[in-house]
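# Architecture at a glance
As a plain string of letters, each chain reads:
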Amino acid sequence: MKKSTENEAVFHACINDVPEICRVVTEAARESGMDDKGMWKLELALDEACTNIACYGYQNNCEGTIRLHWECRGDDFYVTIEDEGLPFDQSEPTDPDFSSDICQRKAGGLGRYIMRKFLDDLSYQRSDNKNTLILVKKLINTEDSD
Amino acid sequence: MDIRVQRRDPILHISLQGRFDAVGARDVDASFGQSLQSGDKYVIVDMLQVDYLSSAGLRVILSAFQRLHRAGGSLAIADLQPYCRSVLEMAGFTSAFPIFDSINEAVSFMEGLIRDQYHTDHWDELETATLECGSFRMIPQPDSQSAMEVLGHVDDVLYSRVTPAHLCSKHFFETEYSIGLGGLGDRLDDYFPIMGEMITIGGTMVWLPTDGNDTPDFLIPQKDTGQVTLRTGFNVSISGGFGELMVFESSSPAGATMDTLYQALFHLARTRRPDFRGVLGVAILAQMPSVFGSGIKRSPIKDYAPENGEMITHSSNIAEWFDFDATPRHQNVTALICGVGVDLTADLSGYDQKEFHSVFYLHPAQGREQQTLLHNHAVMFSALPFPERPVNLDHEIKTVVNQGDFIDMRHLLDRSTIAKGLIGISTIQTFRRDPKGYKGI
């Protein structure tokens with residue numbers, strides 16, 4: 001039987017706090033029955049999201065907050081991340097250019113690419129000067145491609 | 001993040017321990033910055049104790065690699081943990097980035113770069129030899145023990161008696177230099193009845209299916225070449241690398257024939273290599289003024305065996321089984337050649353005779369009063385400029401594969417000519433069964 005959890009936490013929007021955010025949320029995912037591989041992918045996606053908020057949304061000033069809420073709905077684990085930093089870059093995400101020479105390749109976009117690749121769903125909303133990201137990861141990985 | 005820096009000149013070893021996330025990336029970036037400022041060009045990053053890598057880590061690695069590369073150096077990664085490797089793979093770094101399973105492999109890679117750089121810088125001081133057919137410049141290489149690794153038996157090809165039970169499969173790798181008879185495909189029916197001349201070079205496999213269309217089929221695996229399986233009834237591969245690397249320029253613009261070139265290589269081997277025993281394996285990036293090709297027209301399988309019971313090279317069968325070009329099939333092309341040559345004037349009794357005869361036969365288009373026995377396959381591309389000071393065979397071959405416009409693949413007749421060539425030479429010590437191949441399909 002999978003256990004449903006419902007919880008919330010607020011953190012400083014500081015890259016030094018990101019490992020703790022990842023620990024708390026993946027621990028909840030583990031308690032909900034997520035497998036190791038799924039937890040690793042969720043952790044990386046969370047890391048990318050929160051690092052982006054701390055570095056770009058709050059310009060590395062460590063003054064803002066990141067509010068997290070997580071819950072299990074059926075076979076899916078939902079993480080909602082809210083912050084009041086700058087709006088996200090909403091330009092159409094492009095995949096990293098794998099064909100280009102590694103010596104010329106731009107490193108931008110890798111974080112967003114990792115999030116889209118490692119999550120089962122990802123959505124973003126901007127309202128009332130607030131960013132809301134919703135990350136969805138299935139508890140059990142069915143595909144084995146990565 | 002715990003960062004330990006050790007200098008083993010001229011290579012800098014950086015061992016990381018901990019979480020390579022945004023915080024770790026900041027520390028590593030600062031450490032890289034210091035090292036690069038002090039002029040280090042060759043950096044190996046040991047990731048054995050890193051169990052977590054995010055895009056921030058990737059960015060730092062990529063930017064350090066690019067800075068070092070611009071400075072004429074490189075950065076290599078060793079000992080990656082599986083999760084970190086997945087991240088690098090997903091970011092598309094693994095195919096283009098120097099990543100090694102062990103520190104030792106990374107060190108050899110760096111030593112190769114350092115050696116190549118030294119030879120480029122000291123080009124005019126390299127040893128040269130001038131023979132009638134042209135000049136040779138020798139690019140010193142580390143010592144190697146070379147062998148020919150064999151799958152199948154040439155007699156089964158010559159008597160057209162290959163059966164599915166004879167077939168071998170083999171994964172091939174970036175540095176697999178081999179020629180033979182085979183094909184690609186998952187199902188026996190896809191390749192067995194149409195096997196033809198084949199070559200693996202520069203991480204590609206090219207074969208000429210004997211389906212009547214006379215059109216080569218080729219494959220450049222994008223990801224891990226080790227995952228692609230080739231099927232073969234007979235295959236000879238050069239193992240142990242190339243102990244000699246030479247840049248050849250012919251004295252005549254028309255080029256030197258393969259036969260003349262091999263005779264020159266045998267001459268050089270006799271004078272330079274005390275370990276020369278009569279057989280050379282070669283890989284050449286060549287500018288070819290003319291290509292005369294030949295090709296087997298049918299898959300030499302039991303069902304197609306000649307009714308008269310003679311070899312397919314017998315005068316009564318040869319026209320039915322082989323095409324020979326009377327005029328050049330291609331002119332002024334860039335070619336990647338893999339081949340083997342026997343100096344028939346040498347004492348060949350030192351080789352294991354059973355294995356030796358599993359490889360060599362007299363090619364039907366050639367006379368019997370000859371001093372060399374050659375077997376060369378080539379992949380042809382539209383002419384590319386010959387590299388300025390080529391010092392690294394694998395690198396130059398890979399560049400042709402990546403940039404060249406593919407034209408054709410053939411067995412080369414010995415009167416084909418070469419005007420310029422970067423020639424890797426293996427002084428073959430032994431013949432043995434190929435351990436990479438396995439029976440079955």
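Residues numbered from 1 in each chain as written. Chains lettered and ligands numbered in written order. Predicted model: local features only at pLDDT ≥ 70, side-chain atom pairs only at ≥ 80, totals over all residues. Heavy atoms only, no water.

## Section: the overall build of chain B
- Along chain B, the regular secondary structure elements total 10 helices and 25 strands.
- Over its C-alpha trace chain B gives a radius of gyration of 24 Å, about what one expects of a compact globule, namely 22 Å for 441 residues.
- Counting over 441 residues, chain B shows a buried share of 58%.
- Within the structure as shown, chain B displays about 18,300 Å² of accessible surface, and the carbon and sulfur contribution to it stands at 47%.
- Of the side chains in chain B, 36 bear a positive and 55 a negative charge, and the two mean positions are spaced by 3 Å. (Helix = DSSP H or I, 4+ residues; strand = E, 2+ residues; numbered from the N terminus. Rg over C-alpha atoms; globule rule 2.2 N^0.38 Å. Buried < 20%, exposed > 50% of the residue type's maximum accessible area, 1.4 Å probe, protein only. Areas by Shrake-Rupley, 256 points an atom, 1.4 Å probe, with all protein chains shown as cover. Lys, Arg positive; Asp, Glu negative; His and termini not counted. Charge placed at Lys NZ, Arg CZ, Asp CG, Glu CD.)

## Digging into helix α3 (residues 110–118) of chain A
- Within the span of α3(A), buried status applies to A:Leu110, A:Gly111, A:Tyr113, A:Ile114, A:Met115 and A:Phe118.
- The inward-facing, buried residues of α3(A) contact α2 (36–57), β4 (121–127) and β5 (130–138) of chain A together with α2 (55–70) and α3 (82–90) of chain B. (Contact = heavy atoms within 4.5 Å.)

## Overview of the domain arrangement of chain B
All names here are of chain B.
- For chain B, the assigned domains are domain 1 (2–121) and domain 2 (124–441).
- For domain 1 and domain 2, the distance between their C-alpha centroids amounts to 36 Å.
- Across the contact, five residues belong to domain 1 and nine residues belong to domain 2.
- Between domain 1 and domain 2, a total of about 690 Å² is buried, with carbon and sulfur atoms accounting for 50% of that surface.
- The largest contributions to the domain 1 side of the interface with domain 2 come from Asp116, His119 and Thr120, which together make up 65% of the buried area. (Domains from an automatic or database assignment. Buried area = accessible area lost by both parts, 1.4 Å probe.)

## A word on the packing of aromatic side chains
- The full count for this structure, using the stated rule, is 18 aromatic pairs over all chains.
- Here the aromatic rings of B:Phe100 and B:Phe109 are separated by 5.0 Å at their centres, their planes lie at 40°, and the arrangement is tilted.
- Look at B:Phe100 and you get buried, because its relative accessible area is 15%.
- The partly exposed category is assigned to B:Phe109, whose relative accessible area is 27%.
- Ring pairing ties together the aromatic residues B:Tyr351, B:Phe356, B:Phe360 and B:Phe431, which thus form one cluster.
- Above the ring of A:Tyr78, the side-chain terminus of A:Arg73 is found at 3.9 Å from the ring centroid.
- The lysine or arginine in question, B:Arg19, covers the ring of B:Tyr52, its NZ or CZ lying 3.8 Å from the ring centre. (Phe/Tyr/Trp six-rings, centres within 6.5 Å; stacked < 30°, edge-to-face > 60°. Lys NZ or Arg CZ within 6 Å of the ring centre and 35° of its normal.)

## Observations regarding the pairing of strand β2 (residues 65–73) of chain A
Residues and elements named next belong to chain A.
- As defined by bridge partners, β2 adjoins strand β3 (residues 76–83) across eight bridges and the pair is classed as antiparallel. Within β3, the position partnered with Ile66 by the bridge is Asp83.
- Remark: two residues form the turn of the hairpin made by β2 and β3, two consecutive strands paired antiparallel; Gly74 in that turn has positive phi of roughly 65°. (Pairing = 2+ DSSP bridges.)

## Details of the interface of chain B and chain A
- In this assembly, 24 residues from chain B lie in contact with 25 residues from chain A.
- Summing the contributions of chain B and of chain A, the shared interface buries around 2,200 Å²; its carbon and sulfur component is 66%.
- Of all residues in chain B, B:Tyr52, B:Tyr83 and B:Met90 bury the most surface against chain A, accounting for 29% of the area lost on that side.
- At the boundary of chain B and chain A, one finds two salt bridges. (Salt bridge = Lys/Arg side-chain N within 4 Å of Asp/Glu carboxyl O.)

## Looking at unusual backbone geometry
- Here the bond from B:Asp9 into B:Pro10 is cis, since omega is 0°, no more than 30 degrees from zero.
- The residue B:Pro10 is located in the loop between β1 (2–8) and β2 (11–20) in this model.
- Although it is not a glycine, A:Asp128 adopts a positive phi angle of roughly 50°.
- The topology assignment puts A:Asp128 in the loop between β4 and β5.
- A positive phi angle, close to 50°, is found at B:Asn332, a residue other than glycine.
- Checked against the element boundaries, B:Asn332 lands in strand β20 (residues 330–343).
- When its relative accessible area of 55% is taken as the criterion, B:Asn332 is described as exposed.

## Details of the sheet that holds strand β3 (residues 42–53) of chain B
Residues and elements named next belong to chain B.
- Read from one edge to the other, the open sheet built from five strands follows the order β1-β2-β3-β4-β5, with strand pairing classed as mixed. Edge positions in the sheet fall to β1 and β5 (99–100), since each has one partner strand and no second.
- Pairing of β2 with β3 involves nine bridges; the strand directions are parallel. Across the sheet, the residue bridging to His13 is Ile44, located in β3.
- α3 rests against β3, β4 (74–78) and β5 of the sheet, and its axis sits at about 110° to β3.
- In the packing of helix α4 (residues 103–121) onto the sheet, the strands contacted are β2, β3, β4 and β5, and the crossing angle to β3 comes to about 155°. (Axes fitted to C-alpha atoms, helices over the stretch in contact; angles between N-to-C directions.)

## Here we look at the nonpolar core
- In this structure, B:Tyr177, B:Val279, B:Phe360 and B:Phe431 are the most contacted members of the largest nonpolar core, which totals 65 residues.
- Beyond its immediate chain neighbours, meaning those up to four positions away, B:Phe431 contacts B:Met148, B:Val279, B:Tyr351, B:Glu355, B:Phe356, B:Val359 and B:Phe360.
- Formed by 46 residues, the second largest nonpolar core is a distinct cluster that contains A:Ala54, B:Phe32, B:Leu62 and B:Leu75. (Core = buried A, V, L, I, M, F, W, Y, C linked by side-chain atoms within 4.5 Å.)

## Thoughts on the state of the cysteines
All names here are of chain A.
- Counted according to the given criterion, the structure contains one disulfide over all chains.
- What pairs with Cys14 in a disulfide is Cys62, and their sulfur atoms sit 2.0 Å apart. Its S-S torsion of approximately 65° makes the covalent link between Cys14 and Cys62 right-handed. Highlighted residues: Cys14 in the loop between β1 (6–12) and α1 (18–31) and Cys62 in the loop between α2 and β2, separated in sequence by 48 residues.
- Judged by its relative accessible area of 12%, Cys14 falls in the buried class.
- Relative accessible area serves as the criterion here: at 32%, Cys62 is assigned to the partly exposed category. (Disulfide = S-S within 2.5 Å.)

## Quick look at the pattern of salt bridges
- Applying the stated criterion across every chain yields a total of 31 salt bridges over all chains.
- Among the ionic pairs, A:Asp120 bridges to A:Lys137, the shortest N-O distance being 3.9 Å. Of this pair, A:Asp120 sits in the loop between α3 and β4 while A:Lys137 sits in strand β5; the two residues are 17 residues apart in sequence, bridging distant segments of the chain.
- Classification of A:Lys137 by relative accessible area gives buried; the value is 1%.
- When salt bridges that share partners are traced, they join B:Glu149, B:Lys170, B:Glu176, B:Arg432, B:Asp434 and B:Lys436 into one network.

## Things to note about the environment of B:Pro300
Residues and elements named next belong to chain B.
- Within the element layout of this structure, Pro300 appears in the loop between β18 (293–296) and α8 (318–321).
- Exposure remark for Pro300: the relative accessible area of 0% places this residue in the buried category.
- Ignoring sequence-local partners within four residues, the contact set of Pro300 consists of Asp156, Val157, Ser160, Arg161, Val162, Leu181 and Trp321.

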